[in-house]
Amino acid sequence: MADRMLVEAVRMALARVMSEDETVILLGEDIGRNGGVFRATNGLLERFGEQRVRDTPIAEAAIAGLAVGLAAQGMRPVAEIQFSGFIYPCIDQLTNHASRLRTRTRGRLTCPLVIRSPSGGGIHAPEHHSESMEALLTNVPGLRVVFPSSPKRAYGLLLSAIRGPDPVVFFEPTRLYRSAKEDVDDSGEGLPLNCCFTLREGTDVTLVTWGATVIEALAAGDHAADEGVSVELIDVAILKPLDFETIRASVSKTGRAVIVHEAPISGGFGAEIAARIADEALLSLLAPVKRVAGYDVVMPLPRLEQFYLPDEPRIMAAIRDVMSYT
Amino acid sequence: MADRMLVEAVRMALARVMSEDETVILLGEDIGRNGGVFRATNGLLERFGEQRVRDTPIAEAAIAGLAVGLAAQGMRPVAEIQFSGFIYPCIDQLTNHASRLRTRTRGRLTCPLVIRSPSGGGIHAPEHHSESMEALLTNVPGLRVVFPSSPKRAYGLLLSAIRGPDPVVFFEPTRLYRSAKEDVDDSGEGLPLNCCFTLREGTDVTLVTWGATVIEALAAGDHAADEGVSVELIDVAILKPLDFETIRASVSKTGRAVIVHEAPISGGFGAEIAARIADEALLSLLAPVKRVAGYDVVMPLPRLEQFYLPDEPRIMAAIRDVMSYT
Amino acid sequence: MISQGASTPLRFIAPDGQAERELPVFADRAALISFYRAMLLTRIFDEKAVALQRTGRLGTFASSLGQEAVSVGLASAMRKEDVLLPSFREQGAMLWRGVSPVELFLYWGGDERGSDFAGPRGDFPICIPVASHAPHAAGVALAMKLRGEKRAAVAVMGDGATSKGDFYEAINISGVWRLPAVFVISNNQWAISVPVGRQTAAATLAVKAMAAGIRSARVDGNDVIAVHNAVGEAIDRAISDQGPTLVECVTYRLGDHTTVDDSSRYRSDQEVSENWPSEPVARLRQYLTAHEGWTKSDEENLIAECHNLVGEAADRYAAIDPLEPKDMFEMTFASLPRDLEEQRNQLS
Amino acid sequence: MISQGASTPLRFIAPDGQAERELPVFADRAALISFYRAMLLTRIFDEKAVALQRTGRLGTFASSLGQEAVSVGLASAMRKEDVLLPSFREQGAMLWRGVSPVELFLYWGGDERGSDFAGPRGDFPICIPVASHAPHAAGVALAMKLRGEKRAAVAVMGDGATSKGDFYEAINISGVWRLPAVFVISNNQWAISVPVGRQTAAATLAVKAMAAGIRSARVDGNDVIAVHNAVGEAIDRAISDQGPTLVECVTYRLGDHTTVDDSSRYRSDQEVSENWPSEPVARLRQYLTAHEGWTKSDEENLIAECHNLVGEAADRYAAIDPLEPKDMFEMTFASLPRDLEEQRNQLS
Ligand SMILES: Cc1ncc(C[n+]2csc(CCOP(=O)(O)OP(=O)(O)O)c2C)c(N)n1
Ligand SMILES: Cc1ncc(C[n+]2csc(CCOP(=O)(O)OP(=O)(O)O)c2C)c(N)n1
Ligand SMILES: [Mg+2]
Ligand SMILES: [Mg+2]
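Residues numbered from 1 in each chain as written. Chains lettered and ligands numbered in written order. Predicted model: local features only at pLDDT ≥ 70, side-chain atom pairs only at ≥ 80, totals over all residues. Heavy atoms only, no water.

Asker: Can you explain the interface of chain A and chain C? Please cite residues and give values.
Answerer: Listed per partner, the contact involves 42 residues of chain A and 44 residues of chain C. Across the interface of chain A and chain C, roughly 3700 Å² is buried in total on both sides, 60% from carbon and sulfur atoms. Ranking the residues of chain A by area buried against chain C places Gln73, Arg106 and Arg108 of chain A at the top, with a combined share of 24%. Across the chain A-chain C interface, the total number found is 1 salt bridge. Put simply, aspartate 339 of chain C and arginine 276 of chain A hold a salt bridge, and the shortest N to O gap is 2.7 Å. If you look at where chain A meets chain C, you find 14 residue pairs in polar contact (both at pLDDT 80 or more). Counting residues per element, the ones that place at least two in the side of chain A that touches chain C are strand E2 (24-28), strand E3 (53-55), helix H3 (60-72), helix H4 (91-96) and helix H5 (101-104) of chain A. Ranked by residues supplied to the side of chain A that touches chain C, first place goes to H3 of chain A with 9 residues. In the side of chain A that touches chain C, the residues fall into 18 nonpolar, 12 polar and 12 charged. (Contact = heavy atoms within 4.5 Å. Buried area = accessible area lost by both parts, 1.4 Å probe. Salt bridge = Lys/Arg side-chain N within 4 Å of Asp/Glu carboxyl O. Polar contact = N/O pair within 3.5 Å; in protein donor to acceptor, adjacent residues only side chain to side chain. Helix = DSSP H or I, 4+ residues; strand = E, 2+ residues; numbered from the N terminus. Nonpolar A, V, L, I, M, F, W, Y, C, P; charged D, E, K, R; others polar.)

Asker: So, the site of ligand 1: which residues are in play, and what are the values?
Answerer: Close to ligand 1 lie 20 residues, the nearest being Glu60 of chain B together with Arg89, Gly160, Asn188 and Trp190 of chain C. One finds residues of chains B and C in close proximity to ligand 1. Between ligand 1 and the protein, one listed contact pairs an oxygen atom with a side-chain N or O atom of arginine 89 of chain C at 2.7 Å. In the model, an oxygen atom of ligand 1 is placed 2.8 Å from a nitrogen or oxygen of the asparagine 188 of chain C side chain. In the complex, the protein chains occlude 95% of the 580 Å² of accessible area that ligand 1 would expose alone. (Near = heavy atom within 4 Å. Areas by Shrake-Rupley, 256 points an atom, 1.4 Å probe, with all protein chains shown as cover.)

Asker: Could you give an account of the packing of aromatic side chains, with specific residues and numbers?
Answerer: Aromatic ring pairs are defined here through the distance separating the ring centres and the angle between the ring planes. All names here are of chain C. Taken as a whole and judged by the stated rule, the model has 33 aromatic pairs over all chains. Taking the centre distance of 5.4 Å and the plane angle of 80° together, the rings of phenylalanine 61 and tryptophan 108 count as edge-to-face. Note that phenylalanine 61 is positioned in the loop between helix H1 (29-54) and helix H2 (68-77) and tryptophan 108 in helix H4 (residues 101-108), a separation of 47 residues in sequence. Residue tryptophan 108 is classed as buried on the basis of its relative accessible area, which comes to 7%. (Phe/Tyr/Trp six-rings, centres within 6.5 Å; stacked < 30°, edge-to-face > 60°. Buried < 20%, exposed > 50% of the residue type's maximum accessible area, 1.4 Å probe, protein only.)

Asker: Describe the sheet that holds strand E13 (residues 257-264) of chain A, with residues and values.
Answerer: All names here are of chain A. Across the sheet, 5 strands lie side by side as E9-E11-E10-E13-E14; this open sheet has mixed pairing. Every interior strand has two partners, whereas the edge strands, strand E9 (197-200) and strand E14 (290-294), have only one. On average, each strand axis in the sheet is tilted by 25° relative to the strand beside it, whichever way the strands run. Where helix H11 (residues 312-323) meets the sheet, it contacts strand E10 (205-209), strand E11 (231-235), E13 and E14, and its direction lies at approximately 165° from that of E14. (Pairing = 2+ DSSP bridges. Axes fitted to C-alpha atoms, helices over the stretch in contact; angles between N-to-C directions.)

Asker: I'd like to hear about the pairing of strand E7 (residues 168-173) of chain A, residue by residue, with values.
Answerer: Residue and element names in this part refer to chain A. The buried fraction of E7 amounts to 6 of the 6 residues, a majority that puts the element mostly inside the structure. Every second residue of E7 is oriented toward a common face, with Val168, Phe170 and Glu172 on one face and Val169, Phe171 and Pro173 on the other, all of them buried. Relative to E7, strand E5 (residues 114-119) runs parallel, the two being bridged by 6 bridges. Of the residues in E7, the one forming a bridge with valine 114 is valine 168. Note: strand E6 (residues 144-146) against E7, 3 bridges, orientation parallel. For arginine 144, the partnering residue across the bridge sits in E7 and is valine 168.

Asker: Requested: an account of the interface of chain C and chain D, with residues and values cited.
Answerer: Contacts between chain C and chain D engage 22 residues on the former and 22 residues on the latter. Interface area for chain C against chain D, summed over the two sides, is near 1600 Å², with a carbon-plus-sulfur share of 55%. Looking at the side of chain C facing chain D, the largest losses of area belong to Tyr168, Val176 and Met210 of chain C, adding up to 31% of the total buried there. Where chain C packs against chain D, one counts 16 residue pairs in polar contact (both at pLDDT 80 or more). Secondary-structure elements contributing two or more residues to the side of chain C that touches chain D are helix H6 (165-176) and helix H7 (209-212) of chain C.

Asker: Before we move on, could you go through the coordination of the magnesium ion (ligand 4) and cite the residues and values that matter?
Answerer: Residues and elements named next belong to chain D. Summarising the metal site, the magnesium ion (ligand 4) is bound by the protein donors Asp159 (OD), Asn188 (OD1) and Trp190 (O), whose distances to it range over 2.0 to 2.1 Å. For the magnesium ion (ligand 4), the donor residues sit on a single chain with the sequence spacing D-x28-N-x1-W. A residue pair is termed long-range when its members are at least 10 positions apart, and aspartate 159 in the loop between strand E2 (153-158) and helix H6 (165-176) and tryptophan 190 in strand E4 (residues 190-191) qualify at 31 residues. (Donors = N, O, S within 2.8 Å, 3.2 Å for Na, K, Ca; no water.)

Asker: Got a sec to walk through the sheet that holds E6 of chain A? Specific residues and values, please.
Answerer: Residue and element names in this part refer to chain A. Strand order across the open sheet formed by 7 strands is E3-E2-E4-E5-E7-E6-E12, with mixed pairing between neighbours. A single partner strand is all that each edge strand has here, and the edge strands are E3 and strand E12 (238-240). Neighbour-to-neighbour, the strand axes of this sheet turn through a mean angle of 20°, independent of strand direction. Along the sheet, helix H1 (residues 6-20) contacts E2, E3, strand E4 (76-80), E5 and E7; its crossing angle with E2, the most-contacted strand, is approximately 135°.

Asker: Tell me what's going on with the site of ligand 2, and back it up with residues and numbers.
Answerer: In the neighbourhood of ligand 2, 20 residues make up the surrounding shell, with Glu60 of chain A together with Arg89, Gly160, Asn188 and Trp190 of chain D lying closest. Those residues lying near ligand 2 are distributed over chains A and D. Contact between ligand 2 and valine 130 of chain D: a nitrogen atom at 2.9 Å from a main-chain N or O atom of the residue. Taking asparagine 188 of chain D, its side chain carries an N or O atom lying 2.8 Å from an oxygen atom of ligand 2. For ligand 2, whose accessible area on its own is 580 Å², the fraction buried by protein is 95%. Broken down by class, the residue content of the shell around ligand 2 amounts to 10 nonpolar, 5 polar and 5 charged.

Asker: Describe the coordination of the magnesium ion (ligand 3), listing the residues and the values that go with them.
Answerer: Residue and element names in this part refer to chain C. Taken together, the protein donors to the magnesium ion (ligand 3) comprise Asp159 (OD), Asn188 (OD1) and Trp190 (O), at separations of 2.0 to 2.1 Å. Considered as a linear motif, the donors of the magnesium ion (ligand 3) on their single chain read D-x28-N-x1-W. A relative accessible area of 4% means that asparagine 188 is categorised as buried.

Asker: Tell me about the packing of helix H1 (residues 29-54) of chain D against helix H2 (residues 68-77) of chain D, and please be specific about residues and values.
Answerer: All names here are of chain D. The interhelical angle for the contact between H1 and H2, taken along N-to-C directions, is 135°, at an axis separation of 9 Å. Here H2 runs oblique to H1, going by the angle between their axes. Relative to H2, the crossing made by H1 is right-handed. Here H1 contributes Phe35, Ala38, Met39, Thr42 and Arg43 to the contact with H2, which in turn contributes Glu68, Ala69, Val72 and Ser76. Residue composition of the contact of H1 with H2, by class: 5 nonpolar, 2 polar and 2 charged. (Parallel < 35°, antiparallel > 145°, perpendicular 65-115°, else oblique. Left-handed = near helix turned anticlockwise from the far one by under 90°.)

Asker: Lay out the relation of the copies chain C and chain D in plain terms, naming residues and giving numbers.
Answerer: A rotation about some axis, followed by a shift along it, carries one copy of the chain onto the other. Relative to chain D, chain C is turned by 180° and slid 0.0 Å along the rotation axis, the superposed coordinates differing by an RMSD of 0.0 Å. Such a combination of turn and shift is consistent with a two-fold rotation axis. For chain C, the smallest separation between a C-alpha atom and the rotation axis is recorded for glycine 165 of chain C, amounting to 1.8 Å. Looking at chain C, 100% of its interface residues are interface residues in chain D too, so the copies touch through the same face. (Least-squares fit on C-alpha atoms with pLDDT ≥ 70 in both.)

Asker: Report on the pairing of E14 of chain A, specifying residues and quantitative values.
Answerer: Moving residue by residue along a regular strand, the side chains alternate between the two faces of the sheet. Buried residues dominate E14 of chain A, accounting for 5 of its 5 residues. With helix H9 (residues 269-280) of chain A bridging E13 of chain A and its parallel neighbour E14 of chain A, the resulting β-α-β unit is right-handed. (Right-handed = clockwise from strand over helix to strand, strands pointing away.)

Asker: Can you break down a negative patch on the surface residue by residue, with the values?
Answerer: Residue and element names in this part refer to chain B. Taken together, the side chains of Asp3, Asp183, Asp185 and Glu189 define an acidic patch exposed on the protein surface. Tracing the backbone through its elements, the reader meets aspartate 183 in strand E8 (residues 181-183). Taking relative accessible area as the criterion, aspartate 183 reaches 30% and is therefore assigned partly exposed. (Patch = residues over 30% accessible without salt bridge, like charges linked within 9 Å, V, L, I, M, F, W, Y side chains within 5 Å. Lys, Arg positive; Asp, Glu negative; His and termini not counted. Charge placed at Lys NZ, Arg CZ, Asp CG, Glu CD.)

Asker: I'd like a rundown of the domain arrangement of chain A, residues and numbers included.
Answerer: Residues and elements named next belong to chain A. Domain annotation for chain A reports domain 1 (2-184) and domain 2 (197-323). Of note, the centres of domain 1 and domain 2, computed from C-alpha atoms alone, are 26 Å apart. Of the residues lining the interface, 28 residues belong to domain 1; the matching set on domain 2 comes to 26 residues. A buried area of about 2100 Å², summed over both sides, lies between domain 1 and domain 2, and 61% of it is on carbon and sulfur atoms. Per-residue buried area on domain 1 facing domain 2 is highest for Phe147, Arg153 and Arg175; these three make up 24% of the total on that side. Connecting domain 1 to domain 2 are 3 salt bridges. With a closest N to O distance of 2.9 Å, aspartate 235 and arginine 153 form a salt bridge. At the level of secondary structure, the elements contributing two or more residues to the side of domain 1 that touches domain 2 comprise E6 and helix H6 (151-163). With 3 residues, E6 is the largest single contributor of residues to the side of domain 1 that touches domain 2. Here the side of domain 1 that touches domain 2 is built from residues that sort into 14 nonpolar, 8 polar and 6 charged. (Domains from an automatic or database assignment.)

Listed below in C-alpha cells is the structure:
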C-alpha cells in the first residue's frame, strides 16, 4: 500500500461503491472529463461511463433536486458541489425535501443521497471559495453531516455515507486534500456514522474539533505534552447526529474542554458541543469551556486568511487558559 | 391608544418609515392589494402606491437579490418572505452577498436591507409553514438577526432594522401575530439593536428565550413564582450580534440558566447562549445549563405539532431541575 | 397536435359543449364518462374538504374548483408505471392515480400518513414549496432513463411556479439530457393575488420551453380531452426518448386560493362570473348529454355515488386517531440515533 | 439592428478585418482606436496577471484572452452613470470604466481593497458565484426606475450562467417590471470543462429571452463594434423605458478557465487553434491597418504604452502592504458590536 492523499481516498471510495453498486450515480460540475476541480473524480468517467458520471449544467439547486428525485427512485446519487460557497442554493432542497422525504411519507419514499463539497480556507483561493458553513446544516433534522479529516476516515465515512439510507452532507477539508496522506487500504470497509474518533488519549484537557483544524489540534496536542499537559483529542467527524457520549466521557475524565473549528464562532457548531457539555458534563468541569474558532467576520481574502484561521498558538493559549484552573 | 396586535405593530412601523423615508420600498408576494397573507402590509399599497409596495413574482432568491441591488443603490428595501419555510432560496444572497457587500468593498457599497418573515408553528398551518430556522442564519457574519415577541418590541425593532445601515433578517412569531396585544404608541422611536430585554427580574434562575416561546416563558415565570422560585426572564430579541452582557450579568446573579426555543435543539441558537455561559459565566453556575427546545425531528404536521412545541410544563420541569442543585 | 408555444390554446370541445374538431381516438364513451366521473368526484371532494375546514375538522385546504380537467386530463393520460409529482391543487390527479380520499383528508388534516398512500407508491407527495418539485421530476426521469425503462415523470405546477428558478433549472437540464419528463403548468391565471400578467412578460407560459430548447404545447385546460391528448403525446415522446415537454393548460381558479384566502380582496366578482361558463365539468356534461346519451338520472346517480364515496371517506377520516406523539421520532432517520432515543423518552 | 434571437450572430467586421456592412456612426477612427487600445491593454494586463500568478505573486486568475471585444464593447457602450455588474472575467470592462490595474491586481492578489475602486464608485464588485449578480442588476435597475433616472444596469455573465435559476428569475422580473437592465452573455463556448451544448438544448442563448418576454440580440462577440452597437441600443431602450434586453455575444475562450485550470484535459488543441483566426484584437488591428492608416509604429508605441502602464501597476501593487489583520473586523457592520471588539482585541 502506498500513501494516499485525502482526495485520492475520496476517489477510491467513489470507485469502490460505483463498482459494487450500479445505482450509484455521480453528479456535479466538471466532474467528468475534467475529473473535478480537485480531481476527486479523476478517471471515473473513463471507468464508469458518462451515464453514471454526469457533468451538470451550473445549477446547484437543481443538482440537489435531481439527487432527491434519483434517490426517491432507488438510485444513490452522489453530487459534488464544487466549493461549499456554492452550496447555499442547495439548502432549500436539503431542508424542505431531502431531510424530510422519509418523515413526510412515513417511510414510503426515502432519500439516500450524498452531497460532497470541499470546505474551508487556507489554500489562497479566490473570494467565496474558503468558507466553512457546516453550521447552516446542523440544525436541520433528518440530515447527516460528516466532515472527515484524514484519508482513512474520508474513505471509510464516505463509503458509509453513500451506502447508508439517509441524506448526508459530506464536507471535505480543502486544504488537506493533498497535504493529508495516509496508507489507505481499499478494503471496502465503511466506518460507522455514529462515533467520534479519539485521536489521542489524555487526562488533562479534552480538545474537540473536526475537519482541517484537526491538524492544528494534533500539533497543539504534541506541544501541550511538551509542556506537561495531557490532551485527549477528539475528531468529531460526524457532526450530526452527534456522538456526544464519547465527548462526555472524555470531559468527565479531564474536566476541561477546548473546542476548535474554522467557521465563525457565533452560532458555529462548536456551540452545540459546549452546550451539551454545559448541560451533561457540567459537574465534572474544572474550567470554563473554551472555543477557538474563526472570528465573526467574513472570511478574509487570501492576504489575511492566515490571521482568521484558528492556529496552533491560539489553541495552545486556550489550553493554557483552561489549565490555569485547577 | 388602543391595543394593537403584533401584526398591526409591524404595519405601523412599515407605514411610519415609509412616510418618513421615500427610499423605503416593500417587496414580496401578495403584499399589495392582498395586504400580505397575514395582512402585515394591509392598506400600504393604497397609501404609498404600487411603485413602493411591489408584488413580486414567486422567486425568493431574486427577491433577496433585488433587495441587494436596491440597497447598494441607496434604497432601503424591506422584503417579505411569505413563510420562513420559503426563505431558504434567499440564503445564497444573504450569505454570499448581503452580509458581505460592505466588507468586500471596504465600505464602498453597503446593504441596508430587511428581510421579514413569519416564523414558527402553532397555527395549524400546512406543511412547510411552521418551521423555525433562525439558526441557519446566526452563523453568517455581517447579518443581523432579530426576532421580537411583542407588539412594542416588534414596532421599535423593525423601525431600527429598516433605518439601520446593515442587512437584517427579521423574524416575526406567526402565532403571536394576532394573539399578542399591547398598547403601541406610534412615536417613531426605534429600539436599539444591541440590547436584550429583561421582562422579569428574579434571583434564582435566568430564563432566556426569544420569539413565540416568550409567552410560555412568561407563564413559567409566574408558575415558578407560585412555587417560590424567582425567575429572571430575558427576551433575547436580537440574536445577532448578541448582547451577551445582559445574559452574563443575570446568570452571574442567579447561577442557573434555562434556555428555551422552538427550533430543533441540536445546533439551535440556544447552543450559542449556553456555550457563552459555559465559557464566560461558568464560575457562577450552580447547576447545569438546560435547554428546552424543539426536538431534532422534522416539524410535525398540525395533528402533532403541540407535542413538538416547547410548552410551559417542559419549561417548568427544567426550572425545577436546575433548582434541585444548590 | 403539439403546437410549439402557439398562442391559441388547442381544444376539442368548446365551452358550450360542442366539439370543435374531431375527437382523438381515446375519447370514446367509456373514457369520457370515466373522465367526467373523476372530475365530478374531484369537485365533490373539494366541496367536502372546504366544508370540513369551515367547521374546524380540516386544516387549510386548496380547492381545485374549475381546474378539474387539468388534473383528470393529465392523470388519465399517465400509465400506472409513470410517476406523478403533484403540487398542492392536484387532488383530481391523485384520486385518479389511486390515492384515497381518506388519505387526502389525512394530509390536509395534518397527518403525515396522508402521504403514505397505499395507491401509487412511487408517486411523490404533495409539494408545497412552489416549483421545488420540478427538479425532482428531472431526477425521477433520469433514474428511469438510466435504467432504460419506458416510463415518464409528470410534474404539475401553477402559473406562479414558472417564475421560480427551480422550474427553469429543471426544464433546462431535462432538455439537455433529453429526460422523459413532462412539466404540466396548470395556468389558473392567478398566483394567490397576483395575475399571470404580473408574473411574467412572456407571451405565453408555453414559450418558456424555448429557453430550455424543449417542446411545448398549449391547450385549453378546461377541456379534459385536450389536456389528456397533450399530456398523452408528451408521455409518448418522453418514453420514446424524444425528450421532455412543457404543457401549458389554460384554466381558471374559480374559488379562493385556499380556505384562508379571500379572493374578493384582489379580483372582481365579475371576472369570476365571466369564467364560469368555461368551466370544465358542465362543458363535458353538455357534450355527453348531446352526443353520448348522458341522462338526468345518470347524472343524479353519479352525484349520489360521489357524495357517498366522499361522505364515507370523511367519516373514516374522522375516526382515525392521530399518530402517537412519539411517532414523530420514528422516521427522522432510517434508524433512531441514540440522542433522538433520549429525546423520545423525554416526551413521554 | 437587434434581431430577436436570430441564430447568425450579427457582425460588422469579419475575422479577416474586412467590413461586412456599413459601420455604425459611433465607429469613427478615434472610437475604434480607443477600443483597440482598451482591448490590447486588457490582453497585456491578462498576460501580466497570469505571469504574476505563475510566480506566486497573484492568486488564481481568470484571463479573458479572446474575449476582449465583449468586455470593451459593452463597457464603451455604457455611460458613466450606468452601473456595471461584472463577472470574474471582465477586467476589460472594468479597466474601461476606470478601475485601475493596481486595484485589479489587489483583488486577484487577495485584498479587499481591490473592490474599493476609486473609479466607478457605484459599480458592483466582481461576482464570483455564477449568475448571482443577475438579480442585483434587476434591483439596481429598479432603483433607477423608481427615481426616474435615465440610467441602466448592465450585468455580464458567461454561457454557463444561463443555466442557473438566478439568471432566469432576474430576466423574468426585469421583463415584467420593464426594468432598465441589460444582461450581456459572454458566450465563450465553455463553462470550465462543459461546452455550451451540454449546458442547454436551447437553440441559442439569446432565445432564452423569450421565456421572460424580453428583447434579445445575438452578436459576434469578437467584433467590438457589434458588441458596442448591441449593448448601446439595449441601453438606449432601457433608459427610454422600453425594458430590458438580453445580449448574447458569441466569442471563444482561448485560454484556460483560470490559472488553476488545464484545458487540455477536456478540449483539443485543434479546436483552440481553429478559433484563433477569429480573435478580436487582430481582427480590429487588420481593419485599422487597412482602413484607418494604423501603422506598425502606432502598434509598437501602443504596445509599449500598455506594457508600461501594466508594469508600473504591477510594481505599485507589489509595494502595497496587506491590510492590518485587525482590519478584517472593521467592515462587518457599520459600527463594531461589542463582541467583535473583544474578538478584535484577541487578535493582537
Ligand atoms: C417557494 C414558495 N413561495 C411561496 C409560497 C406561498 N404560496 C403558496 S401557493 C402560492 C401561489 C402559487 O401560485 P401558482 O403557482 O399559480 O399555483 P396556484 O396556487 O394558482 O395553483 C404561494 C405564493 C410557497 N408555497 N412556496
Ligand atoms: C454558483 C457557482 N457554481 C460554481 C462555481 C464555480 N465556477 C466558477 S466559473 C465556472 C464556470 C462558469 O462558466 P461561464 O458562466 O460560462 O463563465 P466563463 O468562466 O466561461 O467566463 C464555475 C462552474 C461558481 N463560481 N459559482
Ligand atoms: Mg396559479
Ligand atoms: Mg463560458
